[in-house]
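Summary of the model geometry
Listed below, chain by chain, are the residues.
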Amino acid sequence: MNSNKTDMTDNKQTLSDTAKDVKPGQKGSMSLWDHLEELRKRIILSLLAVALTGGVALYFGDQVFHFFIRPLGDVKLHVTTITASFYSYVIVSALAGF
């Protein structure tokens, strides 16, 4: 059992050691544009995931909204502007999407 632990610790490399081994043009090195493209893909996927879960939460917005106001007890909420009721459902759904 101890021999396995020593084998694993002997094969570990730090990040700086790995970075020194990669030379330009080798597989594993990326240009700035490649990094930016990868970042763009990840941001788009993240936004799509948040939009999808937010859309599902908006579909169930009434249940989610009542779940959050249930601890207040038997209280009637009042809105002060025309769009406040709709806006509160959108905000609750957006937060539930995260």
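Residues numbered from 1 in each chain as written. Predicted model: local features only at pLDDT ≥ 70, side-chain atom pairs only at ≥ 80, totals over all residues. Heavy atoms only, no water.

Topic: the packing of helix α4 (residues 61-69) against helix α5 (residues 84-97)
For any two helices packed against each other, one specifies the crossing angle of their axes together with the interaxial distance. Viewed as axis vectors pointing N to C, α4 and α5 meet at an angle of 85 degrees, and their least axial separation amounts to 9 Å. The orientation of α4 relative to α5 falls into the category roughly perpendicular. Counted together, Gly61, Asp62, Val64, Phe65, His66 and Phe68 of α4 and Ser88, Tyr89, Val92, Ser93 and Ala96 of α5 form the full contact between these two elements. Across the contact of α4 with α5, the residue classes tally to 6 nonpolar, 4 polar and 1 charged. (Axes fitted to C-alpha atoms, helices over the stretch in contact; angles between N-to-C directions. Helix = DSSP H or I, 4+ residues; strand = E, 2+ residues; numbered from the N terminus. Parallel < 35°, antiparallel > 145°, perpendicular 65-115°, else oblique. Contact = heavy atoms within 4.5 Å. Nonpolar A, V, L, I, M, F, W, Y, C, P; charged D, E, K, R; others polar.)

Thoughts on the pattern of salt bridges
Scanning the entire structure with this criterion turns up 2 salt bridges. Between Glu37 and Lys41 there is a salt bridge whose closest N-O contact spans 3.7 Å. Of the two residues, Glu37 and Lys41 are both situated in helix α3 (residues 32-59); the distance of 4 residues between them amounts to about one turn of the helix. Judged by relative accessible area, which is 39%, Glu37 ranks as partly exposed. Judged by relative accessible area, Lys41 falls into the partly exposed class, the value being 43%. (Salt bridge = Lys/Arg side-chain N within 4 Å of Asp/Glu carboxyl O. Buried < 20%, exposed > 50% of the residue type's maximum accessible area, 1.4 Å probe, protein only.)

Considerations on the packing of α3 against α5
Where α3 meets α5, the axes come as close as 7 Å, and the angle between the chain directions of the two elements is 135 degrees. Here α5 runs oblique to α3, going by the angle between their axes. For the pair α3 and α5, the sense of crossing is right-handed. Together, Thr53, Gly54, Ala57 and Leu58 of α3 and Tyr89, Val90, Ser93, Ala96 and Gly97 of α5 make up the contact between the two elements. Taken together, the residues that form the contact of α3 with α5 break down as 5 nonpolar, 4 polar and no charged. (Left-handed = near helix turned anticlockwise from the far one by under 90°.)

A closer look at a nonpolar patch on the surface
There is a patch of nonpolar side chains on the surface, built from Leu32, Trp33, Leu36, Leu39, Ile43 and Leu47 and spanning about 680 Å² of accessible area. On the secondary structure map, Leu32 appears in helix α3. Look at Leu32 and you get exposed, because its relative accessible area is 60%. (Patch = residues over 30% accessible without salt bridge, like charges linked within 9 Å, V, L, I, M, F, W, Y side chains within 5 Å. Areas by Shrake-Rupley, 256 points an atom, 1.4 Å probe, with all protein chains shown as cover.)

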